[in-house]
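Residue-level listing of the chains:
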Amino acid sequence: MQYAPELDGPDLLGWWIRQPNQRGRQRARHPTTSPPLGIRFAFYGRRSTVDFQDRASSCRWQRNDAEDLVAGHGRIVAEFFDEGVSRRVAWPDRPQAARLLTAVADPARGFDAIVVGEYERAFHGQQLEQLTPTLVRHGVQLWLPETYGPVDFDNPRQLALLDLLGVHSQREGSRARHRTTAAMRAQAELQGRHLGGRPPYGYRLVDAGPHPNRAHAAWGRRLHRLEPDPVTAPYVRWIFEQRLAGRSVASIARRLNDNGVPCPSGADPARNPHRSGQGWMLTTVAAILANPRYTGRQVWNRQRTDHDDVEPDGTIPGHREVQRWNAAPQWVISRQIAHPPLVSEEQFVAAQAIHTAPTPADGALRRYLLADLLFCGVCGRIMDSHWVHGRPGYRCRHGHTSSRTKTSPQPKILYIRKDHLLDRIRHDRGLHRHHPALRSPDPDKAAAYLRTNNMIIVCGQHTWTLEAETGIYTLHPQGSGLATTAKIPAQRDGDHAKHEEPPRFVWK
């Protein structure tokens, strides 16, 4: 047979391999005629990382295993492949898996079953057990290589196998995570190695030589270390100097903004795309003052990622990733200086002592029972919890922040003391006619009642009101309600002598 490019395509070698009776060529694995459609399958696959895995090869081997499993039974008509998603992430939180779940619930979905190339690529722990009711309800089969075909959810032996696979997948992930974190801990503590992430404000990343692993070095991977940034490092030193001189965090931030110093996200917007870059905030200055990496030590594990449960909107529970700070004893600190310090360890420790919030005189914890229940009657904002003069209170600054100098007239800052507010609630007789439970002298019970009944308190400069679903009640100062409930006789008024003429006596 003669090769014709216009008919056989540009791949000459491929055309030659397809010809019959070629030396060393095996017969075709599949028949040349198209098999009947049979069962329509949706393929699902996943790869954990984007930077260290090749999508084409990862997706191809999983799909090959899936195609071998369904050969002779049907063919794959749809593909859902998640990239850069951990197996620990629940199906509703994976982009492609969520699309697949949406398609499963659609009667016109276009497929009859789901097939995966490997159990561990798709499921972790009890995820399949949570997915089972959805598949059964919509009549969608699940095909696994480990069960040599469709899963029978009524077969106890297969259910036991699936439980074992779930435990094995969870154990494999836990072991890999433990080995990785143990290695990173040793690298940070013993070598002071930079383990990735954005450099702190005041530093920049520079080359630190080839990777110590020969294979990684052969691939061209390099190490990095921190080096003071000549533009931003002086501002870090100035921040610590000002703090040690007794200036507040707010005044430091305000001075930086007044002088037009770019904030971290403004100085390096490419590495801070999630920040606005508009100016310094109190939290930005406080974060710099609390970062021990400015002492020259490498510090790792200051933050962790938790997977909090999310109330499901359907039948499959989901999770969300939440970044939380670890306590200082959980940090991993290098034993030696890893990069040039911007401040000494003595300066850093002294700055932390200044930053430490004072403890109440009686040793009690700061408690804001009415947090999120108070609203400003001037601007409508939720009032901030504010500890002043050894007692809890609440304030509203009407959108003003201490990190910027006032440039326009602002309403007067509103301050409300918690004890004054609770005292009004406890003694307001008009309020007690409808809500007698607020007469309780126990502030915890009063606060719990307010929250349970969805009540809020709106505070203005002169008027405080309690808003409930049943009405709005003005809170009067203690004793102000007496004049409206009973008239005080003149002879019992202690001030009547000031307004009446003294009696005149005629001596004879």
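These notes cover the structure that comes with them.

### Let's talk about a nonpolar patch on the surface
Stage number 1. Residues Leu13, Trp16 and Ile17 make up a contiguous nonpolar surface patch of about 310 Å² in total accessible area.
Stage number 2. Examined against the element boundaries, Ile17 turns out to sit in helix H2 (residues 12-18).

### Overview of unusual backbone geometry
The general pattern is negative phi for most residues beyond glycine and trans for most peptide bonds.
Stage number 1. You will see that Asn301, though not glycine, has its phi angle at about 75 degrees, which is positive.
Stage number 2. Relative to the assigned elements, Asn301 resides in the loop between strand S8 (299-300) and strand S9 (303-310).
Stage number 3. One non-glycine residue with positive phi stands out, namely Asn454, at about 55 degrees.
Stage number 4. Residue placement: Asn454 occurs in the loop between helix H16 (443-452) and strand S16 (456-459).
Stage number 5. Classification of Asn454 as exposed rests on a relative accessible area of 53%.

### Observations regarding the sheet that holds strand S1 (residues 39-47)
Stage number 1. Here we have 5 strands laid out as an open sheet, ordered S2-S1-S3-S4-S5, and mixed in their pairing. The sheet terminates laterally at strand S2 (74-83) and strand S5 (149-150), the two strands that pair on one side only.
Stage number 2. In terms of strand pairing, S1 meets S2 through 9 bridges, oriented parallel. Across the sheet, the residue bridging to Gly45 is Phe81, located in S2.
Stage number 3. Sitting on the sheet, helix H3 (residues 55-70) touches S1, S2, strand S3 (113-116), strand S4 (141-144) and S5, and the angle it makes with S2 is about 150 degrees.

### Considering the sheet that holds strand S14 (residues 391-396)
Stage number 1. In space, the 3 strands of this open sheet follow the order S13-S14-S15, with antiparallel pairing throughout. Taken across any chain shown, the strands that pair with only one partner, and hence form the sheet edges, are strand S13 (384-388) and strand S15 (414-417). Taking the axes of each pair of neighbouring strands and ignoring which way they run, one obtains an average angle of 35 degrees across the sheet.
Stage number 2. When S14 meets S15, the two strands line up antiparallel, connected through 4 bridges. Residue Tyr394 lies in a different strand from S15, and its bridge partner there is Ile416.

### Some thoughts on the pattern of salt bridges
Proximity of charged atoms lets side chains of opposite charge pair with each other.
Stage number 1. The full count for this structure, using the stated rule, is 12 salt bridges.
Stage number 2. With its nearest N and O atoms 3.0 Å apart, the salt bridge here joins Glu227 to Arg204. Here the residue Glu227 occupies a position in strand S7 (residues 222-228), and Arg204 occupies one in strand S6 (residues 203-210), the gap between them amounting to 23 residues.
Stage number 3. Residues Glu345 and Arg297 are paired through a salt bridge, measuring 3.3 Å at the closest nitrogen-oxygen approach. Taken together, the residues Glu345 in helix H13 (residues 345-355) and Arg297 in the loop between helix H12 (282-289) and S8 connect sequence positions 48 residues apart.
Stage number 4. Residue classification places Glu345 among the partly exposed residues on the basis of a relative accessible area of 35%.
Stage number 5. Taken together, the shared-partner salt bridges connect Arg60, Arg63, Glu67 and Glu79 into one network.

Rules used in this analysis
- Residues numbered from 1 in each chain as written.
- Predicted model: local features only at pLDDT ≥ 70, side-chain atom pairs only at ≥ 80, totals over all residues.
- Heavy atoms only, no water.
- Patch = residues over 30% accessible without salt bridge, like charges linked within 9 Å, V, L, I, M, F, W, Y side chains within 5 Å.
- Areas by Shrake-Rupley, 256 points an atom, 1.4 Å probe, with all protein chains shown as cover.
- Salt bridge = Lys/Arg side-chain N within 4 Å of Asp/Glu carboxyl O.
- Helix = DSSP H or I, 4+ residues; strand = E, 2+ residues; numbered from the N terminus.
- Buried < 20%, exposed > 50% of the residue type's maximum accessible area, 1.4 Å probe, protein only.
- Pairing = 2+ DSSP bridges.
- Contact = heavy atoms within 4.5 Å.
- Axes fitted to C-alpha atoms, helices over the stretch in contact; angles between N-to-C directions.

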